Structure formats: C-alpha cells, structure tokens
Amino acid sequence: MELSDLYSEKILDIAANAPKAPRLAEPDATARKVSRVCGSIIEVDIVVRDGVITEYGHDISACALGQTSAAIVARQIVGTTPGEFQALRAVMHAMLKQNGAPPTGKWADLKYLEPVRDYPPRHTSTLLVFDAVAAALEKIESRESVAAAS
C-alpha cells in the first residue's frame, strides 16, 4: 500500500463535506493540539451540560486524515457523554496503535481511517481531534473537582 492509498474516495468525501463547526462564543473549555510531525493544528471548544456534550466547535488546519476524523467528531459528538468520548478515544488509539477493531455505532465512519494504522507518522494528525477534546474535557473535570472540594 502506498501513502496515496490512505486518501480513499470516502476519506476525501467526508473531509470535503465536513459539517460547519464554528468556534463557540462561551465554551466551558477550549484545548489546542498540534502535530509536530506534520504541523496539523486543531483548537476545539466544548460545552457540557448535565453530563452530556451539548455544543462543539473547532478551528482546524490539517491534512485530509485529520479533517476526516474532525468532521466525524463534529457530526456525532453532541449528545455524547464525556465517558463515552473518552472510551471512543481509547478505541481509536487502539485501532491505530494496537491493531484494535474500529469504532461502531454512530462512530462507524471512523473505520475508513483504519488503513492509517500502517503509517505511524499519520497517527498524530488522525488522533488530534480526540486528544484535543479529551484535553478540554479534562479541564472541565478538573474545574468541577476543585468546585466540589470547595
């Protein structure tokens, strides 16, 4: 398989038809992640209410792989609990780094990124959105822990 084979028609289609996910005016948390390997950058905003992600926005500058994973996240994240998202992130890391199975259910389109596993230099950009959202969720959790302790 050649690197160009990674950019399947489905991946290019998902990236090209990404839903709009404008930055949020008042997010509960924001996180920025950068891939040192390729220079991809994503900054995400999230709002969590009653234990569910209710709003999501991002600004992304990434290759088609990073755009594809971010597009799928933008399309599916609202209505997801932080715990479900952390589990999804673990599945994505396992899929790429440990030959794990791809996500299923509403996240099934992430299976199109499975061939990335054979290209470790592309893992970071593909996982960028998951790591950024996880960092934003950790900021919220940390603030809630501090507030609960006060």
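In what follows, the structure referred to is the one given above.
The residue count restarts for each chain, going from 1 along the sequence in the order it is written. Note on the predicted model: pLDDT of at least 70 is required for a residue's local features to be given, and 80 or more for side-chain atom pairs to be given and counted; whole-chain, interface and lining totals, by contrast, use all residues. The basis for every side-chain value is the complete set of heavy atoms in the structure, and neither hydrogens nor water enter the calculation.

K.L.:
Sorry, what's going on with the pattern of salt bridges here?
P.N.:
Any two side chains of opposite charge can pair, on the condition that their charged atoms come close. The salt bridge criterion pairs a side-chain nitrogen of Lys or Arg with a carboxyl oxygen of Asp or Glu, the two atoms within 4 Å. For the structure shown, the criterion picks out 7 salt bridges. With its nearest N and O atoms 2.6 Å apart, the salt bridge here joins arginine 75 to aspartate 109. Taken together, the positions of arginine 75 in helix α3 (residues 64-76) and aspartate 109 in the loop between α4 (82-97) and α5 (123-149) put the pair 34 residues apart, joining distant regions of the chain. Note on classification: 1.4 Å probe, protein chains only; a residue is buried when its accessible area is under 20% of the maximum for its type, exposed when over 50%, partly exposed between these limits. With relative accessibility at 40%, the residue arginine 75 sits in the partly exposed group. Residue classification places aspartate 109 among the partly exposed residues on the basis of a relative accessible area of 23%. Secondary structure follows DSSP: runs of H or I at least 4 residues long count as helices, runs of E at least 2 residues long count as strands, and numbering of each begins at the N terminus.

K.L.:
Looking at this model, I keep getting lost on empty space enclosed by the protein. Mind explaining?
P.N.:
Regions of empty space are outlined by a rolling probe, equal in size to a water molecule, passed over the atoms. Grid spacing is 1 Å over the protein atoms alone, the probe is 1.4 Å, and a cavity is where that probe fits but cannot get out, while a pocket is an open set with protein on both sides within 12 Å along at least five of seven lines and lining residues have an atom within 4 Å of a point. Grid points are joined across faces, edges and corners, and a volume is the space filled by probe spheres set on the points. Under the definition given, this model contains 1 cavity of 30 Å³ or more. Estimates place the volume of the largest cavity at around 30 Å³. If you trace the largest cavity, you find it lined by Ile42, Ile60, Ala62, Gly66, Ser69, Ala70, Ser125, Leu128 and Val129. Each residue receives one of three labels: charged for Asp, Glu, Lys and Arg, nonpolar for Ala, Val, Leu, Ile, Met, Phe, Trp, Tyr, Cys and Pro, and polar for the others, Gly being one of them. Taken together, the residues that form the lining of the largest cavity break down as 6 nonpolar, 3 polar and no charged.

K.L.:
Hey, could you run me through the environment of isoleucine 46 in this one?
P.N.:
Structurally, the position occupied by isoleucine 46 is in strand β2 (residues 41-49). Residues count as neighbours in contact if any of their non-hydrogen atoms are within 4.5 Å of one another. Filtering out sequence-adjacent residues up to four positions away, isoleucine 46 remains in contact with Leu24, Pro27, Asp28, Ala29, Glu55, Tyr56, Val133, Ala136, Leu137 and Ile140.

K.L.:
Where do I start with the packing of α4 against α5 in this structure?
P.N.:
Each pair of packed helices can be described by the angle between their axes along with the distance between the axes. Close contact between α4 and α5 brings their axes to 10 Å; oriented N to C, the two are set at 155 degrees. It follows from the interaxial angle that α4 and α5 lie roughly antiparallel. Viewed along their axes, α4 and α5 form a crossing whose handedness is left-handed. Across the interface between the two elements, Pro82, Phe85, Gln86, Leu88, Arg89, Met92, His93, Leu96 and Lys97 from α4 touch His123, Thr126, Leu127, Phe130, Asp131, Val133, Ala134, Leu137 and Glu138 from α5. Angles run from 0 to 180 degrees between N-to-C directions of axes, and those axes are lines fitted to C-alpha atoms, restricted for helices to the stretch in contact. Our angle categories are set so that under 35 degrees counts as roughly parallel, over 145 as roughly antiparallel, 65 to 115 as roughly perpendicular, and the remainder as oblique. The hand of a helix crossing depends on one turn: near helix anticlockwise from the far one by less than a right angle means left-handed, and clockwise means right-handed.

K.L.:
Explain the environment of leucine 88 here, please?
P.N.:
Locating leucine 88 in the fold gives a position in helix α4. With relative accessibility at 5%, the residue leucine 88 sits in the buried group. As for leucine 88 and valine 47, which are separated by 41 residues in sequence, their C-alpha atoms are 18 Å apart.

K.L.:
Could you clarify how one ought to interpret the nonpolar core in this entry?
P.N.:
Taken as a class, soluble globular proteins show a tendency for nonpolar side chains to be buried jointly. Residue types Ala, Val, Leu, Ile, Met, Phe, Trp, Tyr and Cys, when buried and joined through side-chain atoms within 4.5 Å, form a set referred to as a nonpolar core. Formed by 40 residues in total, the largest nonpolar core has its most connected members in Tyr56, Phe85 and Phe130. Put simply, the parts of the chain that give this core at least two residues each are α2 (9-16), β1 (29-34), β2, β3 (52-61), α3, α4 and α5. In terms of residue count, α5 provides more of this core than any other element does, 10 residues in total.

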